[in-house]
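# Secondary and tertiary structure notes
Chain residues, written in single-letter form:
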Amino acid sequence: MAERAAVEELVRLQGERVRVLKQQKASAEQIEEEVAKLLKLKAQLGPDEGKQKFVLKTPKGTRDYSPRQMAVREKVFDVIISCFKRHGAEVIDTPVFELKETLTGKYGEDSKLIYDLKDQGGELLSLRYDLTVPFARYLAMNKLTNIKRYHIAKVYRRDNPAMTRGRYREFYQCDFDIAGQFDPMIPDAECLKIMCEILSSLQIGDFLVKVNDRRILDGMFAICGVPDSKFRTICSSVDKLDKVSWEEVKNEMVGEKGLAPEVADRIGDYVQQHGGVSLVEELLQDPELSQNKQALEGLGDLKLLFEYLTLFGIADKISFDLSLARGLDYYTGVIYEAVLLQTPVRAGEEPLGVGSVAAGGRYDGLVGMFDPKGRKVPCVGLSIGVERIFSIVEQRLEALEEKVRTTETQVLVASAQKKLLEERLKLVSELWDAGIKAELLYKKNPKLLNQLQYCEEAGIPLVAIIGEQELKDGVIKLRSVASREEVDVRREDLVEEIKRRTSQPLCIC
């Protein structure tokens, strides 16, 4: 070992000698001679078996985003944020990790997906799993009883990723929540309205919002004979009905979770029903369900909800679906989930759901779990599944081979002749100071053709061209890249002319 260390030191010294000779521009023969000595010393060390080949990759379930992908994401975020603000929401932020005990016991069977951080000899911490539990902790800690907020941030789940379908271990959530004691179903209806506004604005296809109520589910489980201790675990089985058949769900309930087959059959009679307000009214007349206090409260609230949804003009987008369960433990009332619909293959067929793109519900007990005195703050909210939406938009753009601008540059400052760098720098500075998004090429004497080609590649709509004649006349030649038309604009009018020509709103994609 000591011998190897000695040889490594000789290699280092010889390497240094070679570098010095190269810096001193020594003769080629002298450098070759010293390089040969260096190689001879390196050969004594033999192959470096200890070093493993380093693979450059992102961790499983994560990805990088190119400028093109980020441009799409920013536009999607703009649509979502503008809707949240239109409805009067404030914005907050919370730490990316929480105390482990803050997150424990809030997610039912999904708790196993929480990322725990290594104990550093202090607090036990976990990466946040969603934005709802940190929000509830924030309310309790700050003794807030009333807020309408949105929060857009990354969350982490130790899930099996399906990256082509927008399912990752690190991903963004876009949450909107209303906390406070209000009259029934008014905030809930607004959350559904927001969900519909965002999905319509994004133009990603037809969608349907499934609605149910945890009280109806619990009442249904009770009258079907599900033991109280099995409510939550049976709930998570029912929640899989959008992905697998009833037979598979029934087998899980009976085989894995020990439910009696006749109880599972009774559940099946209910959870395979879906419809509108007429189904709510039908179940209000159900001889057994109508006798259950919880279910009756839930059905009464859903009837009221449909009245408000009709006033908001979105009732046709909503379906009361008894199979919707939302596996998270903290929901206490209305729950909802938006799914994109595939166009029917043949006339008369029902549209198929191709995946959840938004979800939410009412959670009136979560804040009370963190409050020392158990004071409850009723809450209702929604979360937009932006990663799924990004995947859909990206796939659509690739299919259309549509070009996406990755910058917002309005104008390139160019020169038609040599020795005009100073004039370009002065003009671009004037434009920046006036709030114009402008660029110039980082060359002293760029060719005009190269400057125009750069604009076409980057999607820059205008070129402000400086030439010797323009400087004498006190004008700038403004060229439209698309039409190739050129007009002389007085230098003092240039800013207003650029603003006028580039004021059109940008589309999502």
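Scroll up for the structure.
Below or above, wherever it landed, is the structure these notes cover. Each chain carries its own residue numbering, running from 1 in the written order of its sequence. The model is predicted, so local features are restricted to residues of pLDDT at least 70 and side-chain atom pairs to those at 80 or more, both for listing and for counting; the totals for chains, interfaces and linings are taken over all residues. Each side-chain value is worked out from all heavy atoms of the structure, with water and hydrogens disregarded.

## Observations regarding the sheet that holds strand β14 (residues 462-466)
Two orientations exist for strands paired in a sheet by backbone hydrogen bonds: parallel and antiparallel. When DSSP locates at least two bridges between a pair of strands, those strands are taken to pair. In DSSP terms, a helix is any run of H or I states spanning at least four residues, a strand is any run of E spanning at least two, and both are numbered starting from the N terminus. Reading across from one edge, β13-β12-β14-β15-β16 is the order of the five strands in this open sheet, with mixed pairing throughout. Here the strands that pair on one side only, and so sit at the sheet edges, are β13 (438-439) and β16 (486-490). As judged from the four bridges shared by β14 and strand β15 (residues 475-480), these two strands associate in the antiparallel manner. Looking at β15, one finds that A464 is bridged to L478. Here a residue-residue contact requires only that any non-hydrogen atoms of the pair lie within 4.5 Å. To obtain each axis, a line is fitted to C-alpha atoms, and for helices this fit is confined to the stretch in contact; angles are then taken between N-to-C directions over 0 to 180 degrees. Against the sheet, helix α15 (residues 421-433) touches β12 (411-415), β13, β14 and β15, its axis set at about 160° to β12. Against the sheet, helix α16 (residues 448-458) touches β12, β13, β14 and β15, its axis set at about 170° to β12.

## Considering the pairing of β12
Buried means the residue's accessible area, taken with a 1.4 Å probe over protein chains only, is under 20% of the maximum for its type, while exposed means over 50%, and partly exposed covers the values in between. Among the five residues of β12, five are classified as buried, and the element is accordingly described as predominantly covered. As defined by bridge partners, β12 adjoins β13 across two bridges and the pair is classed as parallel. From the neighbouring strand, V411 faces β13, where its bridge partner is A438. By convention a crossover is right-handed if, when the strands point away from the viewer, the path from the first strand over the helix to the second runs clockwise. Following the backbone out of β12, through α15 and into the adjacent parallel β13, one traces a crossover that is right-handed. Sheet analysis places β12 next to β14, joined by five bridges and oriented parallel. Each residue of the ladder has a partner; that of L412, found in β14, is V463.

## Re helix α10 (residues 261-271)
Among the residues making up α10, those that are buried are V263, A264, I267, G268, Y270 and V271. Projected down its long axis, α10 carries its buried residues within an arc of 160°, all on one side. For α10, exposure combined with an orientation more than 90 degrees from the buried face picks out E262 and D269. Where α10 is buried, its residues touch α7 (214-224), α8 (231-238), α9 (246-256), α11 (277-284) and β8 (318-321). Arc definition: directions from the helix axis to the C-beta atoms.

## Considerations on the pattern of salt bridges
Should a side-chain nitrogen of Lys or Arg be within 4 Å of a carboxyl oxygen of Asp or Glu, the pair is scored as a salt bridge. Summed over all chains, the structure comprises 36 salt bridges. Among the salt bridges present, the one from R491 reaches E430, with a minimum N-O distance of 2.9 Å. Linking R491 in the loop between β16 and α18 (494-501) with E430 in helix α15, this pair joins segments that are 61 residues apart in sequence. Among the charged side chains, a network of salt bridges with common partners joins D213, R215, K293, E297 and D301.

## Quick notes on the nonpolar core
Here the nonpolar core consists of buried residues drawn from Ala, Val, Leu, Ile, Met, Phe, Trp, Tyr and Cys, with membership extended through side-chain atoms lying within 4.5 Å. Grouped together as the largest cluster of nonpolar side chains are 102 residues, with contacts concentrated most on F84, V209, F221, I267, F320, Y336 and I384. No other element matches helix α6 (residues 186-202), which puts nine residues into this core. Counting residues in hydrophobic clusters, the runner-up holds 16 residues, among them I436, A438, I476 and I498.

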